[in-house]
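Descriptive structure summary
So the chains spell out like this:
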Amino acid sequence: MKEDIIAPENLVYEKPSLMNDTPMHYCPGCSHGVVHKLVAEVIEEMGMQDKAVGVSPVGCSVFAYRYIDIDWSEAAHGRAPAVATGIKRCWPDRLVFTYQGDGDLACIGTAETIHALNRGENITIIFINNAIYGMTGGQMAPTTLLGQKTVTCPYGRTPELHGYPLKMTEIAATLQGTCYVTRQSVDTVAAIRSAKKAIRKAFEASMQGKGSSLVEITSTCNSGWKLSPVKANEWLREKMFEFYPKGDLKNTIDE
Amino acid sequence: MKGNEAIAHAAIRCGCDAYFGYPITPQSEVIETLAELKPWETTGMVVLQAESEVASINMVYGAAGAGKKVFTSSSSPGVALMQEGISYMAGAELPGVFINVQRGGPGLGTIQPSQSDYFQSTRGGGNGDYYVIVLAPSSVQEMADFMDLAFTLAFKYRMPAMILSDGVIGQMMEKVVLPPVKPRRTEEEIKKECPWATFGRTPDRKPNIITSLELQPEVMEIRNQKLLKKYELVKENEVRYETSQCEDADYLFVAFGSAARISEKAMELAREDGLKVGLFRPITLWPFPDKQLEALAKGKKGVLSVEINAGQMVEDVRLATHGTVPVEHFGRLGGIVPDPEEIVNSLKENIKSGRFNG
Amino acid sequence: MKKEIIISGFGGQGVLSMGKILAYSGLMEDKEVTWMPAYGPEQRGGTANVTVIVSDERISSPVLSKYDIAIVLNQPSLDKFESRVKPGGILIYEGNGIINPPTRTDIDIYRIDAMDKAAELKNTKVFNMIVLGGMLKVSPVVSENGVEKALFKTLPERHHKLIPLNMEAIKIGGDIMQKQ
């Protein structure tokens with residue numbers, strides 16, 4: 001249908017062909033959709049459609065497999081890095097990545113995450129950190145900021161009651177098995193471009209057998225945060241970046 | 001060689017693609033033997049020590065979902081940890097093999113042999129309506145033979161298959177003839193055998209998705225029913241058992257795994273004492289050979305279920321015979337393996353007390 | 001022929017490996033064998049025991065309550081297994097460290113001072129082979145030839161030069177058995 005209304009010579013931007021037409025279940029304003037698009041674009045640009053296997057988590061992106069037309073394995077909560085290890089070890093020439101949220105990666109799957117990264121599995125972990133449990137309805141996440149209100153810390157997170165927010169990406173950077181650890185966001189066009197480059201760099205490193213990569217996308221959850229998408233982006237820049245500063249934490253790819 | 005070592009040798013020989021595991025007594029020889037044999041240099045089989053049993057089974061999930069012949073092994077507490085992954089594998093219909101070299105529980109329990117995971121093994125084990133095929137070897141030879149059989153059944157029905165062993169069979173050494181060597185399957189063969197597997201979507205097909213999730217109840221119910229249908233098929237086709245001296249017997253011992261070996265000796269001793277005893281050994285614990293047992297037990301004076309637990313299989317024995325014969329249980333606990341004489345004494349006690357017909 | 005044997009002692013005395021060589025010897029002679037350890041603490045200095053069955057026919061239970069031969073290498077093992085020798089069976093005990101010697105009269109009892117002999121040979125590692133030699137003297141379950149083959153099979157190649165020494169120990173064991 002789009003062909004009928006868009007003249008090819010006028011086309012300046014297109015949905016990546018790996019993204020299908022299934023309507024997304026994500027809330028308007030959510031970062032997931034943008035990151036999905038970046039993943040699809042990078043796989044397509046690398047020409048890895050036939051070799052890519054994604055591992056989706058439990059959390060909002062549990063249905064990631066519905067939107068990007070590659071093979072997917074849906075993992076149990078937190079176990080995606082172990083599932084990815086199983087696939088990649090058996091199919092070393094495949095592009096294997098996980099797509100996980102903060103609850104999945106930094107809480108219930110901490111052990112699987114750290115050990116897969118520390119073994120230097122040639123996989124990429126894409127880590128969506130929005131400091132809240134989105135799917136189950138806005139509960140406290142391991143990455144919830146101090147003072148941040150959620151339905152399980154309605155008076156704000158305090159160290160005495162809830163402990164401190166966990167910086168998994170900083171931990172990942174200390175592990176010998178990782179080659180590339182970075183923190184990105186998708187709140188501006190420039191940030192989206194940077195995030196895409198990071199995902200590509202990580203995917204390429206995993207195909208070159210250089211070890212594990214972790215790409216954190218510090219994200220918004222406007223529904224969980226109870227903010228409008230615009231306000232959520234402001235809060236992200238104001239509060240999240242302060243505690244989760246953006247940039248490369250480790251890059252040994254070119255060493 | 002030891003039962004645990006036989007597993008490792010047999011796995012390599014039957015063309016297995018990968019092993020993921022975590023050490024625990026009394027099954028650590030499985031991963032130790034694999035590490036020593038270095039199959040990655042010969043057949044290309046992957047061997048990886050994971051960070052936990054939870055990780056092991058999820059690595060199996062990933063690799064099995066990608067069409068590979070892959071297995072893990074553990075002992076009771078570790079297998080309890082794996083139940084999450086096994087349930088997911090059942091839900092996602094993945095073929096995979098796992099081995100439980102049982103030790104006593106509950107909790108950390110003991111490292112000594114036990115058969116107290118019978119309930120867990122034969123009732124699915126994790127959450128949801130599902131079963132896994134359970135093979136119970138009673139010799140080192142069967143440890144080796146069941147490896148290939150377990151893979152064959154797992155792939156035939158696209159479901160997890162379990163080898164339920166115990167510390168006796170895992171640790172004992174006896175003569176074993178290793179199975180013939182089968183090469184690992186090529187990519188083309190995997191593609192043909194597992195058109196559902198996730199190892200990269202080629203242009204000729206739609207994306208494959210391995211998942212156990214379905215949020216629409218109506219669709220999920222259909223999925224559940226499909227699983228049940230498959231389980232019915234397994235029940236019809238895959239029941240395995242063995243009998244010994246049942247024809248002229250007045251009494252039956254029913255026992256699996258190491259308890260069956262010990263019961264065989266007890267049967268010899270009882271016959272020396274003039275008691276005509278036969279032995280019925282279920283080889284598949286799920287599906288349980290209920291019809292076969294029912295037929296054999298008809299008219300006997302008593303059936304003694306001999307287990308190294310507090311009385312688990314005895315429930316299936318009672319269900320199978322549904323009140324047509326007296327059924328009692330004998331077992332030792334805590335890691336103590338019953339000796340043949342104790343079993344004979346239990347039989348005599350049941351006769352004397354009138355629980356069994358004289 | 002079927003012999004049901006228990007070997008018991010402290011961890012580190014070579015109980016399990018003695019059983020293993022016995023089992024492999026049977027295997028070399030094409031017999032049915034089982035080797036069943038009471039596993040776990042044996043690697044950590046506790047008491048260790050292993051049941052070895054060597055038979056011309058199929059073996060049912062690898063776990064037993066009565067034995068044809070008991071080899072006991074310390075007092076706790078003697079206390080535990082003396083009563084479990086079948087009438088007419090054989091009990092072999094290592095003299096060192098036994099305060100209360102066996103008392104049964106319906107079995108054949110042998111004492112072997114293998115520890116002393118091994119010390120005399122300045123090679124405590126052959127202790128268990130001396131004991132095994134003693135047992136084979138009074139009950140030739142397997143032949144010396146079978147034992148030698150088993151040693152070749154079970155020892156890593158770098159230790160094959162020690163096989164003559166081990167075979168010598170087997171012979172010595174036979175010579176120092178003392179009928180009680």
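This part takes up the overall build of chain C. Scanning chain C from terminus to terminus reveals 6 helices and 7 strands. For chain C, the α and β elements follow one another from N to C terminus as β-α-β-β-β-α-β-β-α-α-α-α-β. Over its C-alpha atoms chain C spans a radius of gyration of 15 Å, differing by no more than 12% from the 16 Å that the globule rule assigns to 180 residues. Principal-axis analysis of the C-alpha atoms places the extent of chain C at approximately 40 × 40 × 30 Å. When burial is assessed residue by residue, chain C has 57% of its 180 residues classed as buried.

Right, let's talk about the domain arrangement of chain B for a bit. Residues and elements named next belong to chain B. Domain annotation for chain B reports domain 1 (3-187) and domain 2 (242-352). Computed from C-alpha coordinates alone, the two centres of domain 1 and domain 2 are separated by 27 Å. In this assembly, 29 residues from domain 1 lie in contact with 23 residues from domain 2. Counting each side, the surface lost to burial between domain 1 and domain 2 is near 2,100 Å², with a carbon and sulfur contribution of 56%. Scanning the region where domain 1 abuts domain 2 turns up 3 salt bridges. Linking Asp 316 and Arg 123 is a salt bridge whose minimum nitrogen-to-oxygen distance equals 2.8 Å.

The subject of this paragraph is empty space enclosed by the protein. Per the stated rule, a full pass over the model turns up 2 cavities of 30 Å³ or more. The computed volume of the largest cavity comes to approximately 50 Å³. In terms of lining residues, the largest cavity is bounded by Met 1, Met 173 and Glu 174 of chain B together with Ala 23, Tyr 24, Leu 27, Val 33 and Trp 35 of chain C. Listing elements by their share of the lining of the largest cavity, those giving two or more residues are strand S7 (173-174) of chain B together with helix H1 (15-28) and strand S2 (32-37) of chain C. A per-element tally of the lining of the largest cavity places H1 of chain C first, with 3 residues. Grouping the constituent residues of the lining of the largest cavity by class yields 7 nonpolar, no polar and 1 charged. Space inside the second largest cavity adds up to approximately 30 Å³. Lining the second largest cavity, in full, are Gln 102, Gln 115, Pro 137, Leu 164, Ser 165, Asp 166, Ile 169, Phe 256, Gly 257 and Ser 258 of chain B. If you list the elements that add at least two residues to the lining of the second largest cavity, you get strand S6 (160-166) and helix H11 (257-272) of chain B. The biggest single contributor to the lining of the second largest cavity is S6 of chain B, with 3 residues. Taken together, the residues that form the lining of the second largest cavity break down as 4 nonpolar, 5 polar and 1 charged. Each of domain 1 (3-187) and domain 2 (242-352) of chain B contributes no fewer than three residues to the lining of the second largest cavity.

All names here are of chain B. Looking at the secondary structure, you find Phe 288 in the loop between strand S12 (284-286) and helix H12 (290-297). What makes Phe 288 buried here is its relative accessible area of 9%. When neighbours within four sequence positions are excluded, Phe 288 is seen to be in contact with Tyr 118, Val 239, Pro 282, Leu 293, Met 313, Asp 316, Val 317 and Ala 320.

Among the 2 pairs of chains in contact, the pair with the most contacts is chains A and B. With no contact formed, the shortest span from any C-alpha in chain A to any C-alpha in chain C equals 29 Å.

Here the focus is the interface of chain B and chain A. The interface is formed by 34 residues belonging to chain B together with 33 residues belonging to chain A. Of all residues in chain B, Glu 51, Arg 201 and Leu 213 of chain B give up the largest surface area on contact with chain A, accounting jointly for 20% of the area buried on that side. Applying the counting rule to chain B against chain A returns 4 salt bridges. Counting across the interface, chain B meets chain A through 16 residue pairs in polar contact (both at pLDDT 80 or more). Mapped by element, the contributors of at least two residues to the side of chain B that touches chain A are strand S1 (18-21), strand S2 (46-49), helix H4 (53-65), helix H5 (76-91), helix H9 (187-193) and strand S8 (209-210) of chain B. Classifying every residue of the side of chain B that touches chain A by side-chain character gives 20 nonpolar, 8 polar and 6 charged. Bridge count for strand S2 (residues 71-74) of chain A against S8 of chain B is 2 bridges, and the pairing is parallel. By the bridge assignment, Ser 73 of chain A is partnered in S8 of chain B with Ile 210 of chain B.

Below, the discussion takes up the interface of chain C and chain B. Counting from both sides, the interface comprises 25 residues of chain C and, opposite them, 24 residues of chain B. Buried surface at the junction of chain C and chain B, summed over both partners, amounts to about 2,000 Å²; 57% is from carbon and sulfur atoms. Looking at the side of chain C facing chain B, the largest losses of area belong to Trp 35, Tyr 39 and Ser 60 of chain C, adding up to 32% of the total buried there. For the pair chain C and chain B, the number of links is 5 salt bridges. Inspection of the region where chain C meets chain B yields 10 residue pairs in polar contact (both at pLDDT 80 or more).

Attention now goes to the packing of aromatic side chains. Under the criterion given, the structure shown has 16 aromatic pairs over all chains. On the basis of an interplanar angle of 85° and a centroid distance of 4.9 Å, the ring pair of Phe 243 of chain A and Tyr 244 of chain A is categorised as edge-to-face. On the accessibility criterion, Tyr 244 of chain A (1% relative accessible area) is buried. Among the aromatic residues, those joined into a ring-pair cluster are Trp 72, Phe 97 and Phe 203 of chain A. Its end group placed over the ring of Trp 91 of chain A, Lys 68 of chain B keeps NZ or CZ at 4.1 Å from the ring centre.

The next point concerns the pairing of strand S4 (residues 67-72) of chain C. Residues and elements named next belong to chain C. Counting buried positions along S4 gives 6 out of 6 residues, so the element sits mostly inside the fold. Note: strand S1 (residues 2-10) against S4, 4 bridges, orientation parallel. Looking at the pairing, Ile 7 lines up with Ile 71 of S4. Relative to strand S5 (residues 85-94), S4 runs parallel, the two sharing 5 bridges. Within S5, the position partnered with Ile 71 by the bridge is Ile 92. Since S4 and S5 lie parallel, the crossover through helix H2 (residues 75-81) that links them has a hand, and here it is right-handed.

What counts and how
- Sequence order sets the numbering: in each chain, residues are counted from 1 along the sequence as written.
- Chains and ligands are labelled by the order in which they are written, letters from A for the one and numbers from 1 for the other.
- Local features are withheld for residues below a pLDDT of 70 in this predicted model, meaning they are given only at 70 or higher, and side-chain atom pairs are given and counted only at 80 or more; totals for whole chains, interfaces and linings count all residues.
- To get the side-chain values, take all heavy atoms of the structure and skip hydrogens and water.
- Numbering of helices and strands runs from the N terminus; a helix is a DSSP stretch of H or I covering at least four residues, while a strand is a stretch of E covering at least two.
- Two things to know: the radius of gyration comes from C-alpha atoms, and the globule rule equals 2.2 Å times the number of residues to the power 0.38.
- The buried label applies to any residue whose accessible area, calculated with a 1.4 Å probe on protein chains only, is under 20% of its type's maximum; exposed applies above 50%, and partly exposed to all values in between.
- Here the bounds of each domain stem from an automatic or database domain assignment.
- Only heavy atoms matter for contacts: two residues are in contact if any of them lie within 4.5 Å across the pair.
- What counts as buried area is the accessible surface, traced by a 1.4 Å probe, that two parts surrender upon association, with contributions from both included.
- Whenever Lys or Arg places a side-chain nitrogen within 4 Å of a carboxyl oxygen from Asp or Glu, that contact is recorded as a salt bridge.
- The way it works is a 1 Å grid over only the protein atoms, where trapped points that fit a 1.4 Å probe form a cavity and open points with protein on both sides within 12 Å along at least five of seven lines form a pocket, and then any residue with an atom within 4 Å of a point lines it.
- Grid points are joined across faces, edges and corners, and a volume is the space filled by probe spheres set on the points.
- Gly is put with the polar residues, along with every residue not named as nonpolar or charged; the nonpolar set is Ala, Val, Leu, Ile, Met, Phe, Trp, Tyr, Cys and Pro, and the charged set is Asp, Glu, Lys and Arg.
- Whenever a nitrogen or oxygen atom comes within 3.5 Å of another N or O atom, the pair is scored as a polar contact, on the condition that within protein one atom can donate a hydrogen and the other can accept it, and that pairs from neighbouring residues in sequence are kept only if both atoms are in side chains.
- Pairing between strands is defined by DSSP: at least two bridges between the two strands are required.
- In summary, the pairing rule links any two rings of Phe, Tyr or Trp, Trp by its six-membered ring, whose centres are within 6.5 Å, and it sorts them by plane angle into stacked for under 30 degrees, edge-to-face for over 60 and tilted for everything else.
- Definition used: whenever NZ (Lys) or CZ (Arg) falls within 6 Å of the ring centre and also within 35 degrees of the ring normal, the charge is taken to sit over that ring.
- Whether a crossover is right-handed comes down to one check: with the strands pointing away from the viewer, does the path from the first strand over the helix to the second run clockwise; if it does, it is right-handed.

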